[in-house]
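Next come the chains, spelled out residue by residue.
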Amino acid sequence: METEVLKIDRENIDDDIIRKAAELLKRGDLVAIPTETVYGLGANGLDEKACLNIFKTKNRPADNPLILHISNKEMLYNLVEDVSEDAKKLMTLWPGPLTMIFKKSEIIPEVVTAGGDTVAVRFPVDDIARRIIEEANIPIAAPSANISGRPSPTNASDCYYDLNGKIPLIVDGGDCNIGIESTVIDMSEVTPTILRPGFYTLEYIREILPDVVLDDALVDDNKIPKSPGQKYKHYAPKARMQVYVGSRASDFIYKKAKEYENKGLKVGVLVFEEDMERFEGFERISFGDRSDLSQMSHVLFTALRKMDKLKVDLILAEGVMDNNLGKSIMNRMKKSAAGNIEYL
């Protein structure tokens, strides 16, 4: 089976493509769809067999729950037992890159929650995703549209690379705006807890909910993550990756790149735009302007996949300080590098 890729114009959304995607989802097929964060591998979130197919297609661990995507806030109330006042405050950030965890209602299949009593729900801002969900009129389970463990796809071609022949359709909505997955907050307990950092940072969320905390595992690498999915290897390029953080990072990367090159290794370099010139001669990709980390989050996963295509032996990357959006970026980089982070 050759996977069909349908390009959709965001300025003039084709209703026929929306309907085709929705019909496939309603009949139990999988469809890769764009969101503002990364591309999602969509299935009918109320269809146990369809959701099981997500796990099979992605080779996803069975204890890693799925996020249900909705097209309006009213859909939430059929999926969960209760919506707290704190959750209602956070819903002011919907639609957007925010996932909230609630006690689930009885209509949610166990495969979606990995047998747990809670369900994760997100209301994406992406017009294409919302139109597809609205047309299908069902919540869509949609983890990242890649093989588990690989960098998340932020464009249709990366979805195609991983999933061609495994699903019938990829809806090509161009590059994702944000480039890293949503912030996940557990609202099912007394204290709201961030389980996965994302575009909405701890500092930002605290302006709405001052009592919100980070999961212990985001502070201490020796702690077991509350979110099952956070314990698995994620976002990994094929090459070994080393990340350096600090004011001397660029100098250190240059020195190391020369050393490894002299040993006969093909070195890939990921640095900020102002440092690109000095790495002429190496395989190099820019993270954009150092002063705007949203550029870095936008290109991170794409850059890792490009390094795979360049068949480098080693990736040397410049990291950032672990605060604000930097915490979300470093969460992904630590997993991509298997914890190989050096602070200078």
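It should be noted that the structure appears before, not after, this text.
The following paragraphs examine the structure supplied in this document.

Definitions and cut-offs
- Residues numbered from 1 in each chain as written.
- Predicted model: local features only at pLDDT ≥ 70, side-chain atom pairs only at ≥ 80, totals over all residues.
- Heavy atoms only, no water.
- Helix = DSSP H or I, 4+ residues; strand = E, 2+ residues; numbered from the N terminus.
- Expected span 1.5 Å × (residues − 1).
- Buried < 20%, exposed > 50% of the residue type's maximum accessible area, 1.4 Å probe, protein only.
- Arc of directions from axis to C-beta.
- Contact = heavy atoms within 4.5 Å.
- Polar contact = N/O pair within 3.5 Å; in protein donor to acceptor, adjacent residues only side chain to side chain.
- Pairing = 2+ DSSP bridges.
- Axes fitted to C-alpha atoms, helices over the stretch in contact; angles between N-to-C directions.
- Core = buried A, V, L, I, M, F, W, Y, C linked by side-chain atoms within 4.5 Å.
- Parallel < 35°, antiparallel > 145°, perpendicular 65-115°, else oblique.
- Left-handed = near helix turned anticlockwise from the far one by under 90°.
- Nonpolar A, V, L, I, M, F, W, Y, C, P; charged D, E, K, R; others polar.
- Phe/Tyr/Trp six-rings, centres within 6.5 Å; stacked < 30°, edge-to-face > 60°.

Describing helix H1 (residues 15-26)
Step number 1: The end-to-end C-alpha distance of H1 is 16 Å, a good match for the 16 Å that 12 residues give at a rise of 1.5 Å each.
Step number 2: When H1 is considered as a whole, its buried residues turn out to be Ile 17, Ile 18, Ala 21, Ala 22, Leu 24 and Leu 25. Projected down its long axis, H1 carries its buried residues within an arc of 160°, all on one side.
Step number 3: Where the residues of H1 are buried, they touch strand S1 (4-7), strand S2 (31-33), strand S3 (40-44), helix H6 (127-136), strand S7 (140-141) and strand S8 (169-172).
Step number 4: The distance from a side-chain oxygen at the start of H1 to the backbone nitrogen of Asp 16 is 2.8 Å, and the residue carrying that oxygen is Asp 14.
Step number 5: Directly beyond the C-terminal end of H1, a positive phi value near 100° is found at Gly 28.

Describing the sheet that holds strand S10 (residues 193-196)
Step number 1: Reading across from one edge, S1-S8-S2-S3-S7-S4-S6-S5-S9-S10-S11 is the order of the 11 strands in this open sheet, with mixed pairing throughout. Both edges of this open sheet fall to S1 and strand S11 (213-214), since each of them pairs with a single strand only.
Step number 2: Against the sheet, helix H2 (residues 48-58) makes contact with S3 and S7, and its axis sits at roughly 150° relative to S3, the strand it touches most.

A short note on the nonpolar core
Step number 1: In terms of nonpolar packing, the biggest core is built from 70 residues, with Leu 76, Leu 90, Trp 94, Met 100 and Val 171 touching the most fellow members.
Step number 2: The element contributing the most residues to this core is H1, with six residues.
Step number 3: If you look at the next biggest cluster of nonpolar residues, it comprises 28 residues, including Val 245, Met 333, Ala 337 and Ile 341.

Side note on the environment of Met 75
Step number 1: With respect to the helices and strands, Met 75 occurs in the loop between strand S4 (67-69) and helix H3 (76-79).
Step number 2: Owing to a relative accessible area of 14%, Met 75 belongs among the buried residues under this scheme.
Step number 3: With 117 residues separating them in the primary sequence, Met 75 and Pro 192 have C-alpha atoms 22 Å apart.
Step number 4: When sequence neighbours within four positions are dropped, the list of residues in contact with Met 75 reads Ile 70, Ile 133, Ile 138 and Pro 139.

What about H6?
Step number 1: Those residues of H6 that sit buried are Ile 128, Ala 129, Ile 132, Ile 133 and Ala 136. In an axial view of H6, the angular spread of the buried residues amounts to 130°, which keeps them on one side of the axis.
Step number 2: Close packing links the buried residues of H6 with H1, S2, S4, S7 and S8.
Step number 3: Measuring from the side-chain oxygen of the N-cap residue of H6 to the backbone nitrogen of Ile 128 gives 3.0 Å; that N-cap residue is Asp 126.
Step number 4: Positive backbone phi, approximately 60°, marks Asn 137, located one or two places after H6.

Notes on the sheet that holds strand S12 (residues 240-245)
Step number 1: Read across the open sheet, the five strands follow the order S14-S13-S15-S12-S16; overall the sheet is parallel. Two strands bound the open sheet, and with one partner strand each, they are strand S14 (283-286) and strand S16 (341-343). Shown here is a sheet whose adjacent strand axes are inclined to one another by a mean of 20°, direction ignored.
Step number 2: Bridge count for S12 against S16 is three bridges, and the pairing is parallel. Looking at S16, one finds that Val 245 is bridged to Tyr 343.
Step number 3: Its contacts with the sheet put helix H10 (residues 249-262) on S12, strand S13 (267-271), strand S15 (314-318) and S16, and the angle it makes with S15 is roughly 170°.

Quick notes on the packing of helix H11 (residues 293-309) against helix H12 (residues 325-336)
Two measures define how a pair of helices packs: the angle their axes make with one another and the distance between the axes.
Step number 1: It is the contact of H11 with H12, at a shortest axis distance of 10 Å, that shows an interaxial angle of 15°. Considering their axes alone, H11 and H12 lie roughly parallel with respect to each other. As H11 packs across H12, the resulting crossing turns out to be left-handed. Judged by residue contacts, Leu 293, Ser 294, Met 296, Ser 297, Leu 300, Phe 301 and Leu 304 of H11 engage Leu 325, Gly 326, Ile 329, Arg 332, Met 333 and Ser 336 from H12.
Step number 2: For the contact of H11 with H12, the per-class residue count stands at eight nonpolar, four polar and one charged.

Details of the packing of aromatic side chains
Step number 1: One pass over the structure, following the stated rule, counts eight aromatic pairs.
Step number 2: Ring geometry for Tyr 244 against Phe 252: centres 5.1 Å apart, planes inclined by 55°, an arrangement best described as tilted.
Step number 3: Ring geometry for Tyr 254 against Phe 279: centres 5.7 Å apart, planes inclined by 65°, an arrangement best described as edge-to-face. A residue pair is termed long-range when its members are at least 10 positions apart, and Tyr 254 in helix H10 and Phe 279 in the loop between S13 and S14 qualify at 25 residues.
Step number 4: Feature note: the residues Phe 199, Tyr 200 and Tyr 204 constitute an aromatic cluster, connected by ring pairs.

What to know about unusual backbone geometry
A negative phi angle is the norm for most residues apart from glycine, just as the trans form is the norm for most peptide bonds.
Step number 1: Of note, the bond from Trp 94 into Pro 95 is cis; its omega dihedral lies within 30 degrees of zero at -5°.
Step number 2: Following the sequence through the fold, Pro 95 ends up in the loop between helix H4 (85-90) and strand S5 (98-103).
Step number 3: The backbone of Asn 59 shows a phi angle near 55°, a positive value even though the residue is not glycine.
Step number 4: Since its relative accessible area comes to 60%, Asn 59 is described here as exposed.

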